[in-house]
Amino acid sequence: MSETQTSNSIIHQLPPEISNKIAAGEVIQRPSSVVKELLDNSIDAGADQIKIIVENAGRTLIQVVDNGCGMSEEDLPLCFERHATSKINSVEDLFRIRTMGFRGEAMASIASVSQVLVRSKRPEDDNGWEFEVWGGEEKKVVPAATDNGTSISIRNLFFNVPARRQFLKTDVTELRHILRTVQYAALAYTDISFEVVADGEVIYNLPPQSLKERITQIFGSPYKASLIEFGEETSYLKIRGFASDPKLAKKSRGEQFLFVNGRPFQHRYLTHVILSLYDAWTRNNEYPFYALFFEIDPSKVDVNVHPAKLEVKFEDERSVIQLARSVVNRALNNHFQVPTIRREEDPFLSDGFKANKGFDSGFGFKMPDVKRSGSGEGFSFPSRINSNPFKGRGDELSEQLYGGSSFDFGNEKEGSETLNPVEKQNVATDKSFWQLHDTYVITQTRTGLCMIDQHLAHKRIIFEKAMNATEAALPSTQQLLFAQTLELSASDFNLLKELHPIIQRMGFSVQLLSGNTAMINGVPADIEIGNEQEVLVSMLHQYQELGQKINLESRERLAVAFASRAAIPRGKKMSSEEMEALVDQLFACEQPYLDPLKKPTIVYLSMDEIQSRFR
């Protein structure tokens, strides 16, 4: 190429330092990407002990130490050359890949945006070797005293690409991504011991163990008695794994794992299929745990379809999905003792009618004819709502609404569905309330009808209470008669640790203990007694979910998450006194017409609009 280039040529080859940084943009997106690549190399090296050390969520240091096969003096520099690998020798090898890594791009990409120090020793060598690469600039290989295996330290990630460093999230977020990467490796290779140390604190210390024990140790003891095992083997494919009981479903994603031949992968449709099998037992936007392991002839799956090796392509994708659905569906049905029903058993029902009686998997297994549990299950309306902390302003506005004077409803155009606070309407003197489908509080006004969404209204009330509590010198906390111990996953515990000051100011009294354990001593007054642990865990998951949808500061996002979880649900029957208290407190809020996420809490229907429906 260089021989054909002339002084007039506008096309030229990029220098290695630039091309490596471009490759790093595809392969190394954040510290967890580095951890993944290093773990892949350690596993491919045959290690059965791997230790991961991180500081400042990987910004300052990522170190992976293993007892694998090690590298020679000649191999160390080659390790950082682009497209240099020990795992591919011919084109045919691309179609039967069994190793985690294979492209030979990762180490060169990592070295181009960090300061790398490698020490490695093979068992047959008398001494080990040390090699440094700083921002792509290599130094000499020198002898070093080190244990068998490889220790690689990545310091100051993106030090020479400051723009990339600015796009990194908070330490808790980045550490959560690192822990998820380790979780994938730890679930796929239960015969390997993993130790994770973050800023001097041991997060995971996982010995070789069974898959069920590994899941329990990573995600907490509640999983031990709530895992549903499944498995199936055909001539084409073998499937095995565990799924959780629906009662452990969470509001945020993150505990759904797919593997093929030990390699983690993502598959949107397959994930949708598995989650849909839980629809009869979970509420909307709840995600159960599952770990599915596929074993298949490597020639039947292509792992080289994504720059970061996140996706794979099956030769017969339809069969893989159908078998996975059948196996998991059968395991769930057995767990819940749902009888197997075959379509042919009832000749009197048409296919169309039978489709409405349950979900047919196509393999002779049917989902039960069970309605999705309503969000009101297991909740009760807090009696403390009748105590009005905004009494002065609330009574005044309540009188405006119900006392026969005028109330400011907004610049409402005829036929408008949402309440606008400008046009004045005289309302009835009778404080009468009705509930529509245990969801909406309805009251008549002199000129129409007012409907209030009980869940959104209570969410607004609790949100403002929580925000005010964070600004108060002494937050209002109701102490529990008996403190409650809560065991969390490592990622949830680290999130709780980050949010702990805000949570304390909101009225929670939570003590952080060792071993990812917290003790709840007190809670805000809006939480129903007996529901404290569930509210706190759900609040953490809701906080994570909100971070992907809206851009709010931590205090506001946490208040929204708390309000979403503590607010009375739709489907909860309320007494007249509770409805009256809800309305009084709503109109005592700073912004009574919208919930914290800007959804309308109140809808007003004028008499003109109602009459127009009968013309």
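First, a word on scope: everything that follows refers to the structure included in this document. (Residues numbered from 1 in each chain as written. Predicted model: local features only at pLDDT ≥ 70, side-chain atom pairs only at ≥ 80, totals over all residues. Heavy atoms only, no water.)

1. Observations concerning the side chain of His455
No. 1: The topology assignment puts His455 in helix H12 (residues 454-471).
No. 2: A distance of 2.9 Å separates a polar side-chain atom of His455 from the backbone oxygen of Ile568.
No. 3: With residues near it in sequence (within four places) discarded, His455 still touches Ser564, Ala567, Ile568, Pro569 and Arg570. (Helix = DSSP H or I, 4+ residues; strand = E, 2+ residues; numbered from the N terminus. Polar contact = N/O pair within 3.5 Å; in protein donor to acceptor, adjacent residues only side chain to side chain. Contact = heavy atoms within 4.5 Å.)

2. Description of helix H2 (residues 31-44)
No. 1: In this model H2 runs 20 Å from its N-terminal to its C-terminal C-alpha over 14 residues, within 8% of the 20 Å that 1.5 Å per residue would give.
No. 2: Across the 14 residues that make up H2, a large majority, twelve, are buried.
No. 3: Within the sequence span of H2, burial applies to Pro31, Ser32, Ser33, Val34, Val35, Lys36, Glu37, Leu38, Leu39, Asp40, Ser42 and Ile43. (Expected span 1.5 Å × (residues − 1). Buried < 20%, exposed > 50% of the residue type's maximum accessible area, 1.4 Å probe, protein only.)

3. A word on the sheet that holds strand S11 (residues 237-244)
No. 1: Spatially, the five strands line up as an open sheet ordered S10-S11-S14-S12-S13, and their pairing is mixed. What marks the edges here is a single partner per strand, and that holds for strand S10 (227-233) and strand S13 (263-264).
No. 2: Bridging between strand S12 (residues 256-260) and strand S14 (residues 290-296) involves five bridges; their strand directions are parallel. Its bridge partner being in S14, Phe259 is matched across the sheet by Phe293.
No. 3: Against the sheet, helix H6 (residues 171-188) touches S12, S13 and S14, its axis set at about 50 degrees to S12.
No. 4: Seen against the sheet, helix H9 (residues 317-335) touches S10, S11 and S14 and runs at an angle of roughly 140 degrees to S10. (Pairing = 2+ DSSP bridges. Axes fitted to C-alpha atoms, helices over the stretch in contact; angles between N-to-C directions.)

4. Description of the packing of aromatic side chains
No. 1: All chains considered together, the criterion is met by 14 aromatic pairs.
No. 2: Consider the rings of Phe80 and Phe131, whose centres lie 5.8 Å apart with planes at 40 degrees: the pair is tilted. In this pair, Phe80 sits in the loop between helix H3 (75-78) and helix H4 (106-112) while Phe131 sits in strand S4 (residues 128-134), placing the two residues 51 residues apart along the sequence. Of the two residues, Phe80 and Phe131, both sit in the buried class.
No. 3: Site record: aromatic cluster; members linked through ring pairs are Tyr184, Phe219, Tyr223, Phe257, Phe259, Phe289 and Phe293.
No. 4: One Lys or Arg, Lys139, reaches over the ring of Trp134 and ends 4.8 Å from the middle of that ring.
No. 5: Over the face of the ring belonging to Tyr543 we find Arg557, whose NZ or CZ atom lies 4.1 Å from the ring centre. (Phe/Tyr/Trp six-rings, centres within 6.5 Å; stacked < 30°, edge-to-face > 60°. Lys NZ or Arg CZ within 6 Å of the ring centre and 35° of its normal.)

5. Quick word on the sheet that holds strand S22 (residues 478-487)
No. 1: Read from one edge to the other, the open sheet built from three strands follows the order S22-S24-S23, with strand pairing classed as antiparallel. The two strands at the open ends of the sheet, each matched to only one other strand, are S22 and strand S23 (509-512). Averaged over all pairs of adjacent strands, the angle between their axes in this sheet comes to 20 degrees, without regard to strand direction.
No. 2: Along the sheet, helix H13 (residues 490-505) makes contact with S23 and strand S24 (517-523), crossing S23 at roughly 140 degrees.
No. 3: With respect to the sheet, helix H14 (residues 532-547) is in contact with S22, S23 and S24, its orientation differing from that of S22 by roughly 60 degrees.

6. Side note on the pairing of strand S8 (residues 193-198)
No. 1: With respect to burial, S8 is a largely interior element, five of its six residues being buried.
No. 2: Bridge count for S8 against strand S9 (residues 201-206) is five bridges, and the pairing is antiparallel. Within the sheet, the bridge partner assigned to Glu195 lies in S9 and is Asn205.
No. 3: Counted between consecutive antiparallel strands, the loop separating S8 from S9 contains two residues, among which Asp199 sits at a positive phi close to 50 degrees.

7. So, the environment of Asp245
No. 1: The topology assignment puts Asp245 in the loop between S11 and S12.
No. 2: The exposure class of Asp245 is buried, given its relative accessible area of 13%.
No. 3: For the pair Asp245 and Leu332, spaced 87 residues apart in sequence, the C-alpha to C-alpha distance is 8.5 Å.
No. 4: For Asp245, the residues in contact, after removing those within four places along its chain, are Ser226, Ile228, His335 and Phe336.
No. 5: In terms of polar contacts, Asp245 uses its side chain to reach the backbone amide nitrogen of Lys247, at 2.9 Å.

8. Quick look at the pattern of salt bridges
No. 1: According to the stated counting rule, one finds 19 salt bridges in the structure shown.
No. 2: The salt bridge involving Lys250 is made with Asp492; its shortest N-O contact spans 3.8 Å. Of this pair, Lys250 sits in the loop between S11 and S12 while Asp492 sits in helix H13, placing them 242 residues apart in sequence.
No. 3: The residue Glu553 makes a salt bridge to Arg555 at a minimum N-O spacing of 3.6 Å.
No. 4: Using a relative accessible area of 42% as the deciding quantity, one classes Glu553 as partly exposed. (Salt bridge = Lys/Arg side-chain N within 4 Å of Asp/Glu carboxyl O.)

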